[in-house]
Amino acid sequence: MGVMWNRLASDWQESKTWQMRCWNVNHAPKLRLGLLWLGMILPLVVVATRMIQLQVSLRDDFATGFNQSFEVREDIEAHDGRILAADGTVLASDAEHYELQVHYRLLQEPIDSKWLRREAFKRLSRLERRDGQLIEAEERRVKQAREDLWSGLSLLVHSDVSHMAMTRKAIQKRVERTKASVLQSREQQYLNAEEFQSSSSIESQNGWGQFWRRLQRALSSPLGRTRHSEPIEEEERHHTIVANVDADARAEIEAHPDRYGGVRIATRRRRSYPEGDLASHLIGSRTLLTAEDVVERQYFYQIGDRIGRSALELQYDSHLHGVRGERRLVKNRRGEVVTSEIVRAPKHGRDLVLTFDAGLQRRAEQLLDVALETVTISGTEDDQTHQGEASKATCPQGGCLVAMDVHSGKIVAAAAAPRFDLNLMVVPDPQRWSDLQTDPRDPLFRRVTQMAIAPGSVFKVISAVAAIESGSIDPHAPIYCQGYLDHPDQHRCLTYRHHKVGHGEMSLADALCRSCNVYFFTAARRMGPQRLSDWASRFGFGQPTGIDLPSEGVGHLPSPDEVHSGEHRRWHTGDTLGLAIGQSALLVTPLQVVRAMAAIANDGNLVTPHLMGDFGPSQFNDASSSPPSYAHPEPRPIADLRMETLAEVREGLTRVVDDPYGTAFKTVWMKEVTIAGKTGTAETGRGADHAWFAGYVPADRPRIAFVIVLEHGGSGGKAAGPVARQFVSALLELGLISPTANLVKD
């Protein structure tokens, strides 16, 4: 039975095997052919299905892409306000200028080989690019064209070839430093990414993860480019070679773009000062803000704005500064503008109209310039005690002239010398800037607001007021001057030093007229230092005048009760005597002196000097828009100052110029108008004395108070006096004051 079963199973297996062999022989080729057709048809079916889907179901989505638009926001430029003199002369404004810019690859030395090859390929056909000799020849022509371009640009913009070469080198060094920094940053980012992936990816623990990342990087990176070879933005853009080119050069370059490939003209706006150094210490400067400025003023300013840096440009920056607007542009995929909408209109800055005429300001500056070139003699014909007996020839190192309306405080002139061209602050010239900084006369120093020096005998005006108001002297009672106070070798008058005689009997008017030191020494000894210091403070000394200029100096008014380093300074009798004649530790500014003179002239009111006359609408705004209102502080009466006291002092100041014995008669007196004033020669302790003249005009109906000070100018009467007379003459010529019928003196 078992054998039979085995036989039957064997027969069945042999039958099955035979059937399979028959099927393989008959059907195997057909199966392979079917599988092959299936492998070919299925991808085609997938592709066809996707094509049908794209054409039918997704057609609208792709069509929409061609009509897709995008939104762009761009700034609308705003103009800063102008600064104008009272006569309409433009002192500061925005101006267009043109910059010559060249692509970095044209200025790079040595020439970048990849760029050179690309430029050569642009000139060759596909077939010619296979010829190495043609490529080399074309590269030589590209190099020659590059050299010809630079030679042509040098002639066109009137710039020396060597100077342009230095500029190119400086730009290349800057770009190379930037690239080195960028590459270092890229390398650090790459290392950080590698470290992150190594620590966070489980896959990276074996070789397959590293292999997969390298494969991804190889497939996604452009051929022949690594993170070290990728150019930075500075290598692919234009750089400024010449900051200021004329309109003719601009027209030539823009008219022949094929001749000046890689060259373009950029239009820029910057602050311009048409009058150069006129009132440079008053106007100030306006330049582009820095990154630090953005952090400091981010609520108001943006990159590309200009801000006031000094003087009036800084003081009224919020009015002068224009706020840029914003425009919304909708563009299609080709970059064409579909719609344009102004989201925020630009707000142009307001014009600032000043109180002084450019003509008088220029005349005052010219007078100072001449004075700084004139040699004078120190200590020969003036009023102050001088330590050295020998006269010394000197030339002033600097000067200042300030004049203002005695009733309103309106500045009619504020000149300083030496000065500087404000345009150097916008477009620095290395050589001229170096000359300014090394000039021992310090042209950058703002003498109008920051110079604080001893006033000398000019301060005797305050001493006279203090002596009368304190009751220490009777202005009509004589005080005898023997030439010195106590000892012949100290506290002397000038006449005693030269002629060994005193002034004799002196009233207050006589003492002011002839500048008698002994008279004021005696008055100071009687009243004491505290009253003198108190009255000087009432006249505004030791405190800012409030002029609308930043960083005003306050000088120093010494007082017996002042504290130094936590301790009271010991006050000596000599301090009181020195203070009475404008010496000791007293330091004043020209603005303080001219305001004190105005108070004497206007019946005892302290006015606030100011340069801002009015705000006008911007030249780019609707003229009907109302300018902002601004009220200047009202004059402040000086407490307890009597009219009788002022009358006595005014008489003495008039005699300083009008009396033949007056210290300013020879150099200041004019027959056309009566001038009141006071000379001063202030000791410095080193070098020549400072020369002063301060007064007002006309003496009988005061309108203009003024002060002239020449640093190390020598005698006040001899050095500052002639400047005062010429300035008053200019006031007459311009009609700012009227002549008076004075008697001609012999």
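Going by the structure above, here's the rest.
Residues numbered from 1 in each chain as written. Predicted model: local features only at pLDDT ≥ 70, side-chain atom pairs only at ≥ 80, totals over all residues. Heavy atoms only, no water.

Undergrad: Sorry if this is basic, but what is going on with the sheet that holds strand β1 (residues 69-76) here?
TA: With antiparallel pairing, the three strands of this open sheet are ordered in space as β1-β8-β9. Strand pairing shows two members of the sheet lacking a second neighbour, β1 and β9 (337-344), which therefore form its edges. Neighbour-to-neighbour, the strand axes of the sheet open up by a mean angle of 20°, direction not taken into account. Direction of pairing for strand β8 (residues 325-332) relative to β9: antiparallel, over a ladder of six bridges. Within β9, the position partnered with lysine 331 by the bridge is valine 337. (Pairing = 2+ DSSP bridges. Helix = DSSP H or I, 4+ residues; strand = E, 2+ residues; numbered from the N terminus. Axes fitted to C-alpha atoms, helices over the stretch in contact; angles between N-to-C directions.)

Undergrad: Explain the sheet that holds strand β24 (residues 704-711) to me, please; I cannot follow it from the model alone.
TA: Strand pairs in the sheet, formed through backbone hydrogen bonds, run parallel or antiparallel to each other. Read across the sheet, five strands follow the order β14-β13-β24-β23-β22 without closing on themselves; strand pairing throughout is antiparallel. The sheet is open, and its two borders are formed by β14 (411-417) and β22 (676-682), each paired with just one other strand. Recorded for the sheet is a direction-independent mean angle of 5° between the axes of neighbouring strands. In the packing of helix α24 (residues 643-658) onto the sheet, the strands contacted are β22 and β23 (690-697), and the crossing angle to β22 comes to about 75°. (Contact = heavy atoms within 4.5 Å.)

Undergrad: Hey, could you run me through the nonpolar core in this one?
TA: In summary, soluble globular proteins display a tendency toward joint burial of nonpolar side chains. Membership of the largest hydrophobic core comes to 101 residues, with the highest contact counts inside it found for Ile283, Tyr519, Phe539, Phe541, Ile600 and Trp692. Those residues in contact with isoleucine 600, other than ones at most four positions away along the chain, are Val461, Val465, Phe539, Leu646, Val649, Arg650, Leu653 and Tyr696. (Core = buried A, V, L, I, M, F, W, Y, C linked by side-chain atoms within 4.5 Å. Buried < 20%, exposed > 50% of the residue type's maximum accessible area, 1.4 Å probe, protein only.)

Undergrad: I'm lost on the side chain of threonine 589 in this one. Help?
TA: Inspection of the secondary structure puts threonine 589 in the loop between α22 (573-580) and α23 (590-601). Given a relative accessible area of 1%, threonine 589 falls into the buried group. Setting aside anything within four residues of it in sequence, one finds threonine 589 in contact with Met451, Ala452, Gly553 and Gly555.

Undergrad: What am I meant to see in a positive patch on the surface here?
TA: There is a patch of like positive charges on the surface, built from Lys169, Lys173, Arg174, Arg177, Arg237 and Arg264. In terms of residues, the positive patch owes the most to one element, helix α6 (residues 161-200), which gives four residues. (Patch = residues over 30% accessible without salt bridge, like charges linked within 9 Å, V, L, I, M, F, W, Y side chains within 5 Å. Areas by Shrake-Rupley, 256 points an atom, 1.4 Å probe, with all protein chains shown as cover. Salt bridge = Lys/Arg side-chain N within 4 Å of Asp/Glu carboxyl O. Lys, Arg positive; Asp, Glu negative; His and termini not counted. Charge placed at Lys NZ, Arg CZ, Asp CG, Glu CD.)

Undergrad: Help me understand empty space enclosed by the protein in this model?
TA: With the rule as written, the count across this model stands at three cavities of 30 Å³ or more. There is about 70 Å³ of room inside the largest cavity. Broken down by secondary-structure element, the contributors of at least two residues to the lining of the largest cavity are α17 (460-469) and α23. Of the residues forming the lining of the largest cavity, the biggest block, four residues, is contributed by α23. (1 Å grid on protein atoms, 1.4 Å probe; cavity = no way out; pocket = protein on both sides within 12 Å on 5 of 7 lines; lining within 4 Å. Points joined across faces, edges and corners; volume = space filled by probe spheres on them.)

Undergrad: Hey, could you run me through the packing of aromatic side chains in this one?
TA: Working definition: an aromatic ring pair is given by the centre-to-centre distance plus the angle between the planes. Applying the stated rule across the entire model yields seven aromatic pairs. Geometrically, the ring pair formed by tyrosine 316 and phenylalanine 615 is edge-to-face, given 5.6 Å between the ring centres and 75° between the ring planes. Pair noted here: tyrosine 316 is in the loop between α11 (311-315) and α12 (317-320) and phenylalanine 615 is in strand β20 (residues 612-616), with a separation of 299 residues, a long-range link. Ring geometry for phenylalanine 459 versus phenylalanine 541: centroids 5.6 Å apart, planes at 75°, classification edge-to-face. With phenylalanine 459 in the loop between α16 (447-450) and α17 and phenylalanine 541 in the loop between α21 (529-538) and β17 (563-564), this residue pair connects regions lying 82 residues apart in the sequence. (Phe/Tyr/Trp six-rings, centres within 6.5 Å; stacked < 30°, edge-to-face > 60°.)

Undergrad: Would you take a moment to explain the layout of surface pockets for this structure?
TA: Empty space among the atoms becomes apparent when a probe as large as a water molecule is rolled across them. Space inside the largest pocket adds up to approximately 1,000 Å³. Forming the walls of the largest pocket are 33 residues, and the residues nearest its centre are His97, Glu99, Arg270, Val426 and Val427. When residues of the lining of the largest pocket are traced back to their parent elements, those giving at least two are β3 (90-103), β4 (238-245), β5 (263-272), β6 (286-288), α14 (423-426) and α15 (430-438). Tallying contributions element by element places β4 first for the lining of the largest pocket, with five residues. Here the lining of the largest pocket is built from residues that sort into eleven nonpolar, nine polar and 13 charged. (Nonpolar A, V, L, I, M, F, W, Y, C, P; charged D, E, K, R; others polar.)

Undergrad: Just to check I follow, could you spell out the pattern of salt bridges for this structure?
TA: Oppositely charged side chains can pair when the atoms bearing their charge come close. Counted under the stated rule, the structure contains 40 salt bridges. Note that glutamate 109 and arginine 168 form a salt bridge whose closest N and O atoms lie 3.3 Å from each other. Here arginine 168 lies in helix α6 and glutamate 109 lies in the loop between α3 (104-107) and α4 (113-122), a separation of 59 residues in the sequence. With relative accessibility at 39%, the residue glutamate 109 sits in the partly exposed group. By relative accessible area, which is 12% here, arginine 168 ends up buried. Across the pair arginine 117 and glutamate 139 runs a salt bridge whose closest N-O atoms are separated by 2.7 Å.

Undergrad: Help me out: how do you make sense of the pairing of strand β10 (residues 351-354) in this one?
TA: The side chains of a regular strand alternate, residue by residue, between the two faces of the sheet. As defined by bridge partners, strand β2 (residues 83-84) adjoins β10 across two bridges and the pair is classed as parallel. Each bridged residue has a counterpart across the sheet, and for leucine 84 the counterpart in β10 is valine 353. Examined bridge by bridge, β10 and β20 share four bridges and lie antiparallel to one another. Each residue of the ladder has a partner; that of aspartate 351, found in β20, is glycine 616.

Undergrad: Explain α17 here, please?
TA: Given 3.6 residues per turn, any residue in an α-helix points the same way as the ones three and four places further on. Counting buried residues in α17 gives ten out of ten residues, a clear majority hidden from the surface. Turning to α17, its buried residues are Lys460, Val461, Ile462, Ser463, Ala464, Val465, Ala466, Ala467, Ile468 and Glu469. Of the residues trailing α17, glycine 471 is marked for its positive phi of about 75°.

Undergrad: Sorry, what's going on with the environment of proline 590 here?
TA: Of note, proline 590 is situated in helix α23. Spatially, the C-alpha atoms of proline 590 and isoleucine 708 are 7.8 Å apart, while their sequence positions differ by 118 residues. When residues no more than four places from it in sequence are discounted, the contact partners of proline 590 are Cys400, Val402, Arg447, Val448, Met451, Trp692, Val707 and Val709.

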